[in-house]
Amino acid sequence: MVVTPVDPAAAPAPGTGLRVRPAAAADLDAVVELRLALLREYGHHAVYGRLHPDVEARAPRLCRQQLDSPRDAFFLAEAGGRAVGLLRCTESEASPLLLVERFAYLSSVYVRPGYRRRGILRALLGAADAWCRERGIADMRLHNVPGGGAAAAWAAVGFDVTEEVRIRRRGEP
Ligand SMILES: CC(C)(COP(=O)(O)OP(=O)(O)OC[C@H]1O[C@@H](n2cnc3c(N)ncnc32)[C@H](O)[C@@H]1OP(=O)(O)O)[C@@H](O)C(=O)NCCC(=O)NCCS
């Protein structure tokens, strides 16, 4: 499936050969590779930098389960047949006391360094938008590290900051 971004103005430049499609079970290796690359890029982060010693063994098991889950969708961006970007969308529930009870949680969002600033995040988001529309989901939420490129990118594609996540660490695990 080739996904057309919702906003045509957001489409990657013609001729970039970019293709966005849902990931399937056969894409497990690419999903794992991109997900681990994302975590390693945040090696100094208070949460994402604390990788389990056997993360290489755990990641395929976790990703396989999530690829099989009907509440999850992974979208892969490919350029020249190579997986260069990833985005995961999870149908999630908020408190039943709130008006918006269901939302899509975005995670595992990663574009290979050499492919950044070419509209790949926008294209992945177009696929996620279509997935949400099919499910009648209006809101998307995510966590990101403050400051830096990711925060600027999320702001550029329309995501506002609505809370802060705090951590208090008491020693190493
Ligand atoms: C954040 C990330 C996914 C952006 O992907 P990308 O494919 O480069 O983003 P796009 O090219 O689609 O850009 C989308 C918008 O964000 C802006 N943007 C992207 N990177 C930016 C940066 N480093 N600084 C400022 N703006 C940026 C673009 O200018 C564009 O806005 P515009 O169309 O108004 O110009 C990518 O940089 C990445 O993988 N970073 C490392 C992993 C990470 O932080 N993931 C997010 C975890 S929450």
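The rules we used
- Residues numbered from 1 in each chain as written.
- Predicted model: local features only at pLDDT ≥ 70, side-chain atom pairs only at ≥ 80, totals over all residues.
- Helix = DSSP H or I, 4+ residues; strand = E, 2+ residues; numbered from the N terminus.
- Rg over C-alpha atoms; globule rule 2.2 N^0.38 Å.
- Buried ≥ 20, exposed ≤ 12 C-beta atoms within 10 Å, placed from the backbone.
- Contact = placed C-beta atoms within 7 Å.
- Near = placed C-beta within 6 Å.
- Nonpolar A, V, L, I, M, F, W, Y, C, P; charged D, E, K, R; others polar.
- Core = buried A, V, L, I, M, F, W, Y, C linked by C-beta atoms within 7 Å.
- pLDDT = per-residue confidence, 0-100.
- Pairing = 2+ DSSP bridges.
- Axes fitted to C-alpha atoms, helices over the stretch in contact; angles between N-to-C directions.

Q: I'd like a description of the overall build of the protein chain, backed by residues and values.
A: A tally of helices and strands in the protein chain yields four helices and five strands. Order of helices (α) and strands (β) in the protein chain, N terminus to C terminus: β-α-α-β-β-β-α-β-α. Compactness check: the protein chain gives a C-alpha radius of gyration of 16 Å against a globular reference of 16 Å for 173 residues, within 12% of the reference. Projected onto the principal axes, the alpha-carbon positions of the protein chain cover approximately 50 × 40 × 35 Å. Going through the 173 residues of the protein chain one by one, you find that 19% of them count as buried. Counting only contacts in the protein chain whose residues sit at least 6 apart along the sequence, the fraction spanning at least 24 positions is 63%.

Q: Outline the site of the ligand, supporting the account with residue identities and numerical values.
A: Lining the immediate surroundings of the ligand are 20 residues, of which Arg116, Leu121, Gly149, Ala150 and Ala152 lie closest. For the shell around the ligand, the secondary structure elements donating two or more residues are α1 (28–41), β4 (102–111), α3 (120–134) and α4 (148–156). Broken down by element, the shell around the ligand gets its largest block of residues, five residues, from α4. For the shell around the ligand, a count of residues per class yields twelve nonpolar, three polar and five charged.

Q: Quick rundown of the nonpolar core? Include the residues and the values.
A: Core analysis: the biggest nonpolar cluster contains 27 residues, and Phe75, Ala77, Leu86, Leu87, Ile120, Leu124 and Ala128 have the highest contact counts within it. Within the residue set of this core, elements represented by two or more residues are β1 (18–22), α1, β2 (72–79), β3 (82–93), β4 and α3. Not counting chain neighbours up to four residues away, the residues in contact with Leu124 comprise Val20, Phe75, Ala77, Gly85 and Leu87.

Q: Describe the confidence of the model for the protein chain, and please don't skip the residues or the numbers.
A: Chain-level pLDDT for the protein chain is 91 on average; 90% of the residues reach the 70-or-more range. Residue range residues 1–11 is modelled with pLDDT below 50. Its contacts to residues more than four positions away, or to other chains, number 20 contacts.

Q: Break down the sheet that holds strand β5 (residues 139–141) for me, citing the residues and quoting the values.
A: To summarise the sheet geometry, strands pair through backbone hydrogen bonds and adopt either a parallel or an antiparallel arrangement. Taken together, five strands build an open sheet; the order of strands is β1-β2-β3-β4-β5 and the sheet is mixed. Sheet topology places β1 and β5 at the edges, where each strand pairs with a single neighbour. Strand after strand, the sheet turns through a mean of 25° between neighbouring axes, direction not considered. By the bridge criterion, five bridges tie β1 to β2 in an arrangement that is antiparallel. In the sheet register, Val20 faces β2, and the bridge partner there is Ala77.

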